[in-house]
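In case you want the letters, here they are:
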Amino acid sequence: MPASEGSPDSSSSSRKSSKKPKYSRFSQQELPAYKPILTPQWVITVFVFIGIVFIPVGLASLSAANQVEEISERYDDKCGPQTNNTCERKITVKKKMKNPIYVYYQLDKFYQNHRRYVKSRNDLQLRQTSRGREQAGCDPISNTANPIVPCGLIAWSLFNDTYKFSVKDKDINVDKKDIAWKSDKDYKFGSQVYPKNFQKGEGGIGGGKLNESLPLSEQEDLIVWMRTAALPTFRKLYGKITVDLEVNDVVTVKIQNNYNTYKYGGQKLLVLSTTSWMGGKNHFLGRAYLTLGAISLFIAGCFIVLYIIKPRPLGDPAYLSWNRYPGGGI
Amino acid sequence: MAKGKIRSKLRSSLYTFSCTSTPNKAAEAEELQGSVYSRLVYCNEPHQLSYNSNSTSTTKYNIVTFIPIALFEQFNRVANVYFLIAAILSVTPYGPYDPFSAIAPLAFVVGLSMVKELIEDWQRFLQDWKVNMRPAQVYTGHGIFESRPWKKIMVGDIVKVEKDKFFPADLLLLSSNYDDGICYVETMNLDGETNLKVKRALEITMDLDEDNSFREFKATIKCEAPNPSLYTFEGELEYNKKTYSLDPIQILLRDSKLRNTSYVYGVVIFTGHDTKVMQNSTKSPSKRSRVEKQMDQIIYILFSLLVIISIMSSVGFAYLTKFDMPDWWYLHAPDDKNLYNPQKPYLSGLYHLITALILYGYLIPISLYVSIEIVKVLQASFINRDMHMYHEDTDTPALARTSNLNEELGQVDTILSDKTGTLTCNQMDFLKCSIAGISYGQRPSEVELAAVKKMSMDFDAEDHDFSSAVSGFEEEGNAETEGTSNNQDHGRQIKGFSFEDKRLTGACWWKLPKPEIHYIFFRILAVCHTAIPEENEEGDGYDYEAESPDEGAFLVAAKEFGFEFCKRTQGSIFVREADPSSEEPVEREFKILNILDFTSKRKRMSAIVRDEKGEIFLFCKGADAIIFDRLSEDGRTFEKATKKHLSDYGEAGLRTLVFAYKKLEEADYNEWNNEFQNAKNSDSSNKDEMLEDLSDKIEKELNLVGASAVEDKLQQGVPQCIDSLAQAGLKIWVLTGDKMETAINIGFSCSLLREEMQQICISIKDEQEHDAEQDIKSDISKQIMSGTQKMKQEEDPHAAYALIIDGKALNFALDDELKHQFLHLAVSCASVICCRVSPKQKALVVRLVKEGTGKTTLAIGDGANDVGMIQEADIGIGISGVEGMQAVMSSDFAIAQFRYLERLLVVHGHWFYKRIAQMICYFFYKNIAFGLTLFYYEICTAFSGNAVYDDWYMILYNVAATSLPVMTLGVLEQDVSAEVCLEFPALYQQGPKNLFFGWYRIIGWICNGVYTSFIIFFFNILTLYTEAYRVEGQTPDMSIMGATMFTCIVCAVNTQIALSLSHFTRIQHIFIWGSIVVWFLFLIIYGAAVPETSTGSYQIFLETLAPSPLFWITILLVVIACNLPYFMHISFQRSFSPMDHHIIQEIKYYRKDVTDRHMWRREKRKGRHEAKIGFSARVDAKIRHLKGRIQKRGAVMAGQEML
């Protein structure tokens, strides 16, 4: 589409007087402007273009999602309703899972996004040894006399179920390194900051305890937990299994059932999943892309049909209101 | 200083004209109680009583009241009150986010508006100060007058006013330089009338005409309390132990001007705000545009939405707190502040309501007001800097005095215009005359010129078979056009004389047939008048001080014809006549025996003179109908020809007078004169009637001489402007202080009236004047009814009616009982002319139209008499660059010439309306799209009042991420170019019809906002549900969700605005795409800050979002999905039911206007709104007439063939 230029300078008189407005294209509202017209060609092009871009993207997303193998196993009911017990679950692998296989725990009805919960932390004390006494914002899990590190509800309610995997009585190692975001480990949680007074009675015992000899930056479970989830149903990374799981392998999981979800009736799930370039097994994006692409093509079709039935030459003055409704009215 | 006016809460409520009288502080008040007069003035003893000072103030605030009142006004806006409360509450623990993010925007918004108010008021103050410091000569005792500023003048002071100076206060005239104590006054600023008025001092004070005569002067004036009536005054003067009653004729009003008189002395009666002119003034009301009022309603809707969703979330919160929260051990409830207390769910719910009300505040666009204000200031600067509205001669650019009403300019329905100084220049030009049945004067009037131009243009586009039929007409027109253009080049310009005809101006009229008739014609011009000659500054001629500009034009014309009026003495007029027999002019004396004055009833004026030969003549000039009735049998020789000329002149928009004379026999005259003198000296009550009868008796058996045609010179471009405005569908009313005849004449010359229009005149007949009010009222009601009846029965679709109403009748018509009938009649008439209306009536008419029709009114005027209507109308426009500044000071926009109104409305108004309408719609859209995602997320957080976004994102949303593109829309968007706006005035109707801010459109945008919020939220939720976010297995958390969602919003709403623009300059591109870029930059920079500052957003973009394909794919999906429906809407609308501007855009885009000129011109003509006024309508009527004739002829011929 070519840009049509605004009309250039207007006649400026020779006599210069003080109050005469000075000419500028801006002040005369004559800036050169691109005035695109939405012609039928453009409409069809745009819709068809959306269609032919979206459908392949959708197919790619879907196939990525389909490549991902995911097994999830609810265990709160079988292992409950008491905590602090161990139980064993057996999971059959339906399809081959290539390593790395990610191990997640999934909770629901857990409002990690609750306003009271989200705010209850102090980023300063997590990072800097010198600010270890900071308790601001950590209410109610805070103690100014004996400062708690890490303070606040989030840390206090740390998830503490543990899983042990074995296939055919052979233990499978779960790699718990590098499950947190790098920036969290490197910057947000200090390598010189150690847990202090944690779960020592302030507000009772919440969730898990921490190894006081490890600096926070190495407590990756805590770091993962402290990235609060956006929704009440969420998954968090527990670790990685670095061996492949074959079809029909039966994975035995020994669960140390510590975390109390029985009080509020929430589920606990153990999830094993591989990933693709798109992440986890989520069909939504692929479907949405396909649908939108299809809709676009459909609209393009409708538009073409309508346009054939009722063509309107561009700039046809017959469509001006005074020609359409000679009686007046626009 | 300021009468600190606190704006009433009901903005639309009317200010009242009637002012309560100031309580009289005089100690002598009791003394006056018995009498009707409540004011006491001790002349020459100004310090006796304390009255209002003479300083005036029109400011809204003073130093003390500025802060409280201006703040009060700011918080009159509902939204501001809400944000104030939100800001206060955000300091408490209930606030969902940082107090700074609530207070800063509010302080900015309110501060900016207050600064604007301050600047505006400061300008008003400077203007007042200038007036208050004007010098006046005040008597200080011992025969000395001293110069003092106006504000120091006190009641009782004696002041001396010199020629061409304004009176500083309302004065009682004591004496003037004339022996008979008269003076001439120009009251233009008061009532818009331009003819001079005579004021006369009491005989008893006439001798006080020297500075020294006031040494011993003492007198007492008792008079009425200050009131706004300009034409009445009651009071009495007690002087030398005698009491004399006072009339309005002795009163000199502030803001009128002394003319033609060297000096006068007067006593100050009313000062400052007590003066009649100030009593007439009204405080400038604050005006708000229609769009803004509607915007308020949308804000109310959004408020309701806000309250509803807040209550919903509070109820949800309270429920969950009570029943579920005790089980949520990880929350460790209850807390000590009761914010989350399962034992007290209602209290916690209540606290939460506060949180929610603040959190969802993003539904209400706080930046809307301030953005609109900034946009409007920029728009106003376009008006101020528009070179097409700059008037070279007076060096005046257009000026937008307030920027509140920009978009209102695009919605005007009715224009109410003053006449003198606005439509006309207040200058009469002698243009044509008809003498002895021959018409002279070839220069066409402006009306003819304009019509001819239009016609020749139209015929090019008209069907060819028809054009041949009227070609004769056209040629005539063309010839005339050419003739004029030549004449204009060569003709020397004499003020008041545009006559162009060699036969008369060459001083060889005596060679024409019937030279004696010509001779008499010129003599009548030179002799029959009441003007006074004054030698001009160059000393080579005379200026004439005439009561009306017509007379001045006659005298100038007479001079040009060789009959120069050069001297007037008590009983004679001296005229230098060109003599055919000699080169040198001869000075001749005419003894004035009697002058029979012009009155509106008599509609004629006669002078009985004796020439040097001793012969007595009666010279008479008057309205055609009157004179034709009084012709003798022999005197009707030229009647037919003259009548034809008169009708031509009338059609050409000229005002005409007919001239006649009669020779009197000495004896007859003496006999009549005796009777006349007796009647004059008699004391009988019917003296006036007797004089009238006698005049009637002698003004009979006249001989017709000819007629004159004078052009009330219109301001440049007025007919064209009126024509375009009429085609844009605007109704034009003229409100003038002039008499009916003048007003009608101007109606013709502006093409507001035309010959075939039916005129409905409503007036009070003279004989009714003394009837009971009730009778008059019922008579006027009858007149209105019959007019309405007549229109109902009309069958011709082209028939047009004009309503002409007189000021006195208007008084009754504006009465509560009649005003709706009157309005009903008036709006169905094509044009309405109100004559002899007072300033107050002008305002009342405007109010009637405004309230009665509910449409937008625009009042335009130049004088102080127009202030009332300028203030009352939705938009007031002042004509600037003229002497008085009152109109401009009270106006909303000031332009130098009426003709700029076209550009102001059709171009600027059209654009402004569309820009602001689109801008507001978009604002609501974007805030709903954003605000509702907060609410949806709320539900996911157990209604706890947590936002998924970082605080900084939310601040940024309205400030940087989305507000600048919409402001470029508000400043720069153009649907069609300025030229097209002017060529297709019909496009203007999109504004008055409110096509772009109707509820349909607003709801559409709101729905679009709701849809967008849905898509953004749910697409994000579903994409970022529980599964891994990237190949390394990490799952999304709140900060990823927040940042992704926010990025989607920023991209989607900015893409949306790009879709709704039709005019992209570089600036739009920079702001729209720049906003998106700025957002990403912000994410990077914010992410680089220390973790304590950036919290969850630490390194979010570089580490988390950017490397993840999911992020980019989600954004693409959401942006397309959000904008698809709108894109579909605009493409289908344009393709299958396009609006006018779409088609014109296309025509322009494909240059069809250049390639198919015929079509372009045809459409331009058809695109005009079906106007019944304007010269185009006049041309159309003429064409219809001709077509009708052709058809008739065809029918007759067909009939003959049949036979």
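The present account deals with the structure reproduced in this document.

Conventions we followed
Residues numbered from 1 in each chain as written. Chains lettered and ligands numbered in written order. Predicted model: local features only at pLDDT ≥ 70, side-chain atom pairs only at ≥ 80, totals over all residues. Heavy atoms only, no water. Helix = DSSP H or I, 4+ residues; strand = E, 2+ residues; numbered from the N terminus. Contact = heavy atoms within 4.5 Å. Lys, Arg positive; Asp, Glu negative; His and termini not counted. Charge placed at Lys NZ, Arg CZ, Asp CG, Glu CD. Axes fitted to C-alpha atoms, helices over the stretch in contact; angles between N-to-C directions. Left-handed = near helix turned anticlockwise from the far one by under 90°. Nonpolar A, V, L, I, M, F, W, Y, C, P; charged D, E, K, R; others polar. Parallel < 35°, antiparallel > 145°, perpendicular 65-115°, else oblique. Phe/Tyr/Trp six-rings, centres within 6.5 Å; stacked < 30°, edge-to-face > 60°. Buried < 20%, exposed > 50% of the residue type's maximum accessible area, 1.4 Å probe, protein only. Lys NZ or Arg CZ within 6 Å of the ring centre and 35° of its normal. Buried area = accessible area lost by both parts, 1.4 Å probe. Salt bridge = Lys/Arg side-chain N within 4 Å of Asp/Glu carboxyl O. Polar contact = N/O pair within 3.5 Å; in protein donor to acceptor, adjacent residues only side chain to side chain. Pairing = 2+ DSSP bridges. Core = buried A, V, L, I, M, F, W, Y, C linked by side-chain atoms within 4.5 Å. Disulfide = S-S within 2.5 Å.

Some remarks on the overall build of chain B
The number of helices and strands found in chain B is 41 helices and 33 strands. Looking at chain B alone, contacts between residues at least 24 apart form 74% of all its contacts between residues at least 6 apart. Put simply, chain B has 124 plus and 156 minus side-chain charges, and the middle of one group is 2 Å from the middle of the other.

Side note on the packing of helix H4 (residues 99-132) of chain B against helix H9 (residues 366-384) of chain B
Residue and element names in this part refer to chain B. Where H4 meets H9, the axes come as close as 9 Å, and the angle between the chain directions of the two elements is 35°. Judged by the twist between their axes, the crossing of H4 over H9 is left-handed. Contact with H4, carried on its side by Pro 105, Leu 106, Phe 108, Val 109, Leu 112, Ser 113 and Lys 116, involves Ile 366, Val 370, Glu 373, Ile 374 and Val 377 of H9 and no other residues of that element. Of the residues belonging to the contact of H4 with H9, the class tally is nine nonpolar, one polar and two charged.

Examining the packing of helix H24 (residues 819-828) of chain B against helix H25 (residues 839-853) of chain B
Residue and element names in this part refer to chain B. The interhelical angle for the contact between H24 and H25, taken along N-to-C directions, is 85°, at an axis separation of 11 Å. As the angle between them shows, H24 and H25 are arranged roughly perpendicular. Between H24 and H25, the contacting residues are Lys 819, Phe 822, Leu 823 and Val 827 on the first element and Leu 848, Val 849, Gly 852 and Thr 853 on the second. In the contact of H24 with H25, the residues fall into five nonpolar, two polar and one charged.

Remarks on the packing of aromatic side chains
Across all of its chains, the model carries 96 aromatic pairs over all chains by this definition. Geometrically, the ring pair formed by Tyr544(B) and Phe565(B) is stacked, given 5.6 Å between the ring centres and 20° between the ring planes. Here Tyr544(B) is found in strand S19 (residues 542-545), whereas its partner Phe565(B) is found in strand S20 (residues 563-568), with 21 residues between them in sequence. Classification of Tyr544(B) as buried rests on a relative accessible area of 13%. A network of ring pairs unites the aromatic residues Tyr105(A), Phe110(A), Tyr117(A), Trp156(A), Phe159(A), Trp225(A), Phe234(A), Tyr259(A), Tyr264(A), Trp329(B) and Tyr330(B) as a single cluster. Seen from the ring of Tyr319(A), Arg312(A) lies directly overhead, with NZ or CZ sitting 5.6 Å from the centre. One Lys or Arg, Lys567(B), reaches over the ring of Phe574(B) and ends 4.8 Å from the middle of that ring.

Some points on the interface of chain B and chain A
Chain B puts 117 residues into the contact, and the matching count from chain A is 118 residues. Summed over both sides, the interface of chain B with chain A buries roughly 10400 Å², with 63% coming from carbon and sulfur. Taken together, the connections running from chain B to chain A amount to three salt bridges. Salt-bridge contacts for Arg312(A) lead to Glu1146(B); the nearest nitrogen and oxygen are separated by 2.8 Å. Taken together, the links from chain B to chain A amount to 38 residue pairs in polar contact (both at pLDDT 80 or more). Broken down by element, the residue count for the side of chain B that touches chain A peaks at 17 residues, all from helix H37 (residues 1109-1136) of chain B. A class-by-class count of the residues in the side of chain B that touches chain A yields 61 nonpolar, 33 polar and 23 charged.

A few points about the sheet that holds strand S9 (residues 268-273) of chain A
Residues and elements named next belong to chain A. Sheet architecture is open: five strands sit in the order S1-S9-S3-S7-S6, paired in antiparallel fashion. Edge positions in the open sheet fall to strand S1 (70-74) and strand S6 (174-175), since each of these has one partner strand only. Strand direction decides the pairing type here: S1 and S9, joined by five bridges, are antiparallel. Within the sheet, the bridge partner assigned to Glu 73 lies in S9 and is Leu 270.

Considering the pairing of strand S6 (residues 182-186) of chain B
Residues and elements named next belong to chain B. Burial within S6 is extensive, with five of its five residues counted as buried. Across the two faces of S6 the burial is the same, with Ile 182, Tyr 184 and Glu 186 and Cys 183 and Val 185 all buried. Bridge count for S6 against strand S7 (residues 197-200) is four bridges, and the pairing is antiparallel. Considered in S7, the bridge of Cys 183 is made with Lys 199. Looking at chain direction, S6 and strand S12 (residues 257-259) are connected through three bridges and run antiparallel. Each bridged residue has a counterpart across the sheet, and for Val 185 the counterpart in S12 is Leu 258.

Structural notes on the nonpolar core
With 141 residues, the main nonpolar core has Tyr949(B) and Tyr953(B) as its most contacted residues. No other element matches helix H28 (residues 900-940) of chain B, which puts 18 residues into this core. Those residues within four positions of Tyr949(B) in sequence are excluded, and the remaining contacts are Phe930(B), Thr933(B), Leu934(B), Met954(B), Gly1042(B), Met1045(B), Phe1046(B) and Ile1049(B). In terms of nonpolar packing, the next biggest core, distinct from the first, is built from 74 residues, Val253(A), Leu272(A), Tyr330(B) and Ala942(B) among them.

Re the state of the cysteines
The final tally for this structure, using the stated rule, is two disulfides over all chains. Between the sulfur atoms of Cys79(A) and its disulfide mate Cys87(A) the distance is 1.7 Å. The disulfide joining Cys79(A) to Cys87(A) has a torsion of about 55° about its S-S bond and is therefore right-handed. Its relative accessible area of 2% is what places Cys79(A) among the buried residues. Here Cys138(A) engages in a disulfide with Cys151(A); their sulfurs sit 1.8 Å apart. In this pair, Cys138(A) is assigned in the loop between helix H4 (123-127) and helix H5 (153-156) and Cys151(A) in the loop between H4 and H5, connecting sequence segments 13 residues apart. Its relative accessible area of 2% is what places Cys151(A) among the buried residues. Cys223(B) takes part in no disulfide bond, and the closest cysteine sulfur to it belongs to Cys43(B), at a distance of 9.9 Å.

Focus on the pattern of salt bridges
This model, assessed by the stated rule, comprises 65 salt bridges over all chains. Notably, a salt bridge pairs Lys182(A) with Asp186(A), separated by 2.8 Å at the nearest N-O pair. A residue pair is termed a helical-turn pair when its members lie 3 or 4 positions apart in one helix, as Lys182(A) and Asp186(A) do in helix H6 (residues 182-188) at four residues. The class for Lys182(A) is exposed, based on a relative accessible area of 54%. For Asp186(A), a relative accessible area of 42% puts it in the partly exposed group. A salt bridge links Glu564(B) to Arg576(B); the shortest N-O distance between them is 3.6 Å.

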